[in-house]
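Fold and geometry: a report
Listed below, chain by chain, are the residues.
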Amino acid sequence: MTNEELAKKLETLSELLEITGENPFKAKAYLKAAQSIRAIPEDIRSLVRKGELEALPGIGKSISQQIQKYVEEGRLPLLEEIQKKIPIEIVELLKIPHIGPKTAKILFDQFGISNISDLKEALFTGKIKEARGISSKTLSKLRAALSNKELSYERMLLNEAEELSYRIREFFGKYHPEVNLMIAGSLRRGKETVGDLDFLIFGADSGKALSHFIKRTGNTSSVVEGEEITRVIDDKGVQFDFLITTEEKKGAALLHLTGSKEHNIRLRQIAKSSGNRLTHEGIFLKNGKLLTFSSEEELYEFLGLHYIPPELREDWGEIEAAKNGTLPKLLCSKDIKGDLHIHSDWSDSSASLEDLAYIAEHMGYEYISVTDHAKRLMVARGLTLEQLKARNEAIDEINEKYAGKIVLLKGIELNIDKDGQVDYEESVLKEFDFCIASLHWGLSSDRDKITERLIKVMQNPYVDAIGHPTTRLLLKRPEADIDFERVFEEAAKTGTLFEINSFPDRLDLPPRLIRLAKRYGVKFIIGTDSHSVSHLPLIKYGVTTARRGWLEKSDILNTFSLNELKDEIKKRRIERMKRYG
Ligand SMILES: [Zn+2]
Ligand SMILES: [Zn+2]
């Protein structure tokens, strides 16, 4: 059981409460509890053990009792109770555009529909011709939305969302260059997955340009009441929200649309405490006068806060830090001096060593580490000892050829076996400049077992870093069940580095665990896990994830110069040898 699993359960519970409509306050309370649990780095189980649950924001007595039951017995009594009235699967209907809790309830009450496939059937076979409480216009929108096979109700990976946003930008850039478009929402915050895309639009004829966009793409649109947001849904079900603003109001609008909701609530409270009201237009003073802000910086300053970068706006403590002037000086892309997790065509990548040297030099790197797979991972063409020797010689040749331009480190990605051992003896390992050890199988074994494997492998003097530590695949595979508090406590002693893997479907460690690790004094590396030269630029997503984990330049070893990096690796190996050798 992880915090994320519990948060999801509480969210489902909140959605069910909303659908049944019995107690809207309760629904909100459970949603807030879910957000709270997502925000904390500690394992929820240890909070339960220590009896500290109710210290969390939004967790009162009754919710805390539910959570306790869940941690101890794996069940939420309230959820079980509601399930007697309404099937849990009904929450999937909420993922469909145009369906909110009220509509879902009507569909269930009048037609007994609780899942997408029943809804499709009912809509297309004429079982639903009209429904009390749902307009015929909404019904036809639903038919249109559900007739598309590829309809995606799911979230997108960060890189997919970014590419999509560029396409929207291109449209406006090409046909309406006088209009300004700014990206906001969770994409701007660099969240690992993105649900919908939010844009600010301003400049002459913004409204006309937006109408043109809607007409030209043939998408449906609606105006969200009271919010002045135009919501556009494309033929795949992806939702775009546009907020039309003006040059002088764009600071407040950008802040509003970037979120997170939790962050904005806190800002509104701060404004309120001096009798003012913060909205997407600016600040309404007590006398009703509107103060506008053309930049977010001015608005934060007005509220008495240092500027908070979008990646930190989650109500994870950034407001307090912005008040006290203790915000971190976040890592930047330009701080990265090399990529430490790259595969070559000696294992399962399409990139030759020469390709890698060429691209890395042009990216302005000082070094890269070529970490091909060790032999045990047969699926990914792991290298035998002879092949490794030949590869290392090939690296020497490239280094000679590119002398003064780029340095290739002799790296390896080892497999952590069931006992926490790796593929090679220490006599072999010492030939490598940089060793990453990763969990590649046995991911569903029990918590203690996986935790022990990690703890054991970190005691190996030559294991410099742990790769993609939680093994999650976003939108596909959850994090392995690992006791990271124990792992990081040990890592602080062994000096083992933790990777922030930049591949968009991994982004692993997640920000929550980055903050936990940092608290224990663990240091990090950022790697792309590239399997093609086209993957090298993905490093930016690793940097974003590190920023969301509050990391500064000094937390990350591949911001070091080559000599500093080599010294640091050596120092840490010697330390481990003394302790465990
Ligand atoms: Zn791997
Ligand atoms: Zn890898």
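Look above for the structure.
First things first, this report covers the structure right here in the doc. The structure presented is a predicted model; accordingly, all values stated were derived computationally and were not measured. (Residues numbered from 1 in each chain as written. Chains lettered and ligands numbered in written order. Predicted model: local features only at pLDDT ≥ 70, side-chain atom pairs only at ≥ 80, totals over all residues. Heavy atoms only, no water.)

On to the packing of helix α1 (residues 3–20) against helix α2 (residues 24–39), then. Running from N to C, α1 and α2 point in directions that differ by 165°, and their axes come no closer than 8 Å. One finds that α1 runs roughly antiparallel with respect to α2. Viewed along their axes, α1 and α2 form a crossing whose handedness is left-handed. In this structure, α1 uses Asn3, Glu4, Leu6, Ala7, Lys8, Leu10, Glu11, Leu13, Ser14, Leu17 and Glu18 to contact α2, whose residues at the interface are Lys26, Ala27, Tyr30, Leu31, Ala33, Ala34, Ile37 and Arg38. Taken together, the residues of the contact of α1 with α2 break down into 11 nonpolar, two polar and six charged. (Axes fitted to C-alpha atoms, helices over the stretch in contact; angles between N-to-C directions. Helix = DSSP H or I, 4+ residues; strand = E, 2+ residues; numbered from the N terminus. Parallel < 35°, antiparallel > 145°, perpendicular 65-115°, else oblique. Left-handed = near helix turned anticlockwise from the far one by under 90°. Contact = heavy atoms within 4.5 Å. Nonpolar A, V, L, I, M, F, W, Y, C, P; charged D, E, K, R; others polar.)

Contact pair helix α9 (residues 158–175) / helix α11 (residues 206–217): the axes reach a minimum separation of 11 Å and the direction vectors enclose 120°. As judged from the angle between their axes, α9 and α11 are oblique. For the pair α9 and α11, the sense of crossing is right-handed. Residue-level contacts link Ile168, Phe171, Phe172 and Tyr175 of α9 to Ala209, Leu210, His212, Phe213 and Arg216 of α11. Here the residues of the contact of α9 with α11 are counted per class, giving seven nonpolar, one polar and one charged.

Ligation of the zinc ion (ligand 1) by protein atoms is provided by Glu413 (OE), His440 (NE2) and His468 (NE2), these donors lying 2.1 to 2.2 Å from the ion. In this structure, the zinc ion (ligand 1) lies 3.5 Å away from the zinc ion (ligand 2), the two metals sharing Glu413 as a donor. Residue Glu413 is found in strand β13 (residues 407–415), and its partner His440 is found in the loop between β14 (434–438) and α19 (447–458); the two are separated by 27 residues along the sequence. Classification of His440 as partly exposed rests on a relative accessible area of 22%. (Donors = N, O, S within 2.8 Å, 3.2 Å for Na, K, Ca; no water. Buried < 20%, exposed > 50% of the residue type's maximum accessible area, 1.4 Å probe, protein only.)

It is worth spelling out the pattern of salt bridges at this point. Taken as a whole and judged by the stated rule, the model has 40 salt bridges. Note that Lys8 and Glu4 form a salt bridge whose closest N and O atoms lie 3.6 Å from each other. Placement of the pair is Lys8 and Glu4 together in helix α1, with a separation of four residues, close to one helical turn. Exposure remark for Glu4: the relative accessible area of 29% places this residue in the partly exposed category. Note that Lys493 is salt-bridged to Glu490, the shortest N-O span being 3.9 Å. On the criterion of helical spacing, the pair formed by Lys493 and Glu490 is a turn pair, its members being three residues apart in helix α20 (residues 484–494). In the salt-bridge network here, residues are joined through shared partners; they are Asp43, Arg45, Arg447, Asp481 and Asp483. (Salt bridge = Lys/Arg side-chain N within 4 Å of Asp/Glu carboxyl O.)

Turning next to the nonpolar core. In terms of nonpolar packing, the biggest core is built from 62 residues, with Leu414, Phe488 and Phe498 touching the most fellow members. Considering each element in turn, this core owes the most residues, five residues, to α19. Non-local contacts of Phe498, meaning those with residues more than four positions away in its chain, are made with Met458, Ile466, Pro469, Phe484, Val487, Phe488, Ala491, Leu509, Val522, Lys523, Phe524 and Ile525. If you look at the next biggest cluster of nonpolar residues, it comprises 48 residues, including Leu17, Ala34, Ile37 and Ala122. (Core = buried A, V, L, I, M, F, W, Y, C linked by side-chain atoms within 4.5 Å.)

Another aspect to go through is the packing of aromatic side chains. A full pass over the atoms with the stated rule returns 11 aromatic pairs. Ring centres of Tyr300 and Tyr307 lie 5.7 Å apart, and the angle between their planes is 90°; on these two criteria the pair is classed as edge-to-face. Judged by its relative accessible area of 0%, Tyr300 falls in the buried class. An angle of 80° between the planes, with centres 5.2 Å apart, marks the rings of Phe488 and Phe498 as edge-to-face. Here the residue Phe488 occupies a position in helix α20, and Phe498 occupies one in strand β16 (residues 497–501), the gap between them amounting to 10 residues. Across this residue pair, the class does not change: Phe488 and Phe498 are buried. Chaining the aromatic ring pairs together yields one cluster made of Phe171, Phe172, Tyr175, Phe199, Phe213 and Phe242. (Phe/Tyr/Trp six-rings, centres within 6.5 Å; stacked < 30°, edge-to-face > 60°.)

So, on to the sheet that holds strand β9 (residues 282–284). Strand order in this open sheet of three strands is β8-β9-β10, and the pairing throughout is antiparallel. Two strands close off the open sheet at either side, each with one partner strand: β8 (277–279) and β10 (290–291). Taken together, the three bridges between β8 and β9 define a ladder with antiparallel strand orientation. Counted as the bridge partner of Arg277 is Phe284 from β9. (Pairing = 2+ DSSP bridges.)

This paragraph deals with the coordination of the zinc ion (ligand 2). Distances from the zinc ion (ligand 2) to its protein donors, His341 (NE2), His343 (NE2), Glu413 (OE) and Asp529 (OD), fall at 2.1 to 2.2 Å. Around the zinc ion (ligand 2), the four donor atoms are arranged such that angles at the metal cover 84 to 175°; this shape is classified as irregular. Read in sequence order, the donor residues coordinating the zinc ion (ligand 2) give the pattern H-x1-H-x69-E-x115-D. (Tetrahedral: all angles 85-135°; square planar, octahedral: opposite > 155°, others 65-115°.)

Its 13 residues give helix α4 (residues 61–73) an end-to-end C-alpha distance of 18 Å, which sits within 8% of 18 Å, the value for a rise of 1.5 Å per residue. Among all positions of α4, only Ile63, Ser64, Gln66, Ile67 and Tyr70 are buried. Summarising the axial view, the buried residues of α4 lie within an arc of 155°, below the 170-degree limit, and thus occupy one face. Along α4, exposed side chains directed more than 90 degrees from the buried face belong to Lys61 and Glu72. Looking at the buried positions of α4, the neighbouring elements they touch are α1, α2, α3 (44–50) and α5 (77–83). (Expected span 1.5 Å × (residues − 1). Arc of directions from axis to C-beta.)

Leaving glycine aside, a negative phi is the common case for residues, and trans is the common case for peptide bonds. For the bond from Gly259 to Ser260, the omega torsion is -5°, close enough to zero to count as cis. In this structure, Leu509 follows Asp508 across a cis peptide bond, with omega equal to 15°. With respect to the element layout, Leu509 can be found in the loop between β16 and α21 (511–519). The residue Leu475 is not glycine, and still its phi comes out positive at about 65°. Looking at where Leu475 falls in the secondary structure, it is placed in the loop between β15 (465–467) and α20. Phi is positive for Leu507, which is not a glycine, with a value near 40°. Mapping Leu507 onto the fold places it in the loop between β16 and α21. For Leu507, a relative accessible area of 0% puts it in the buried group.

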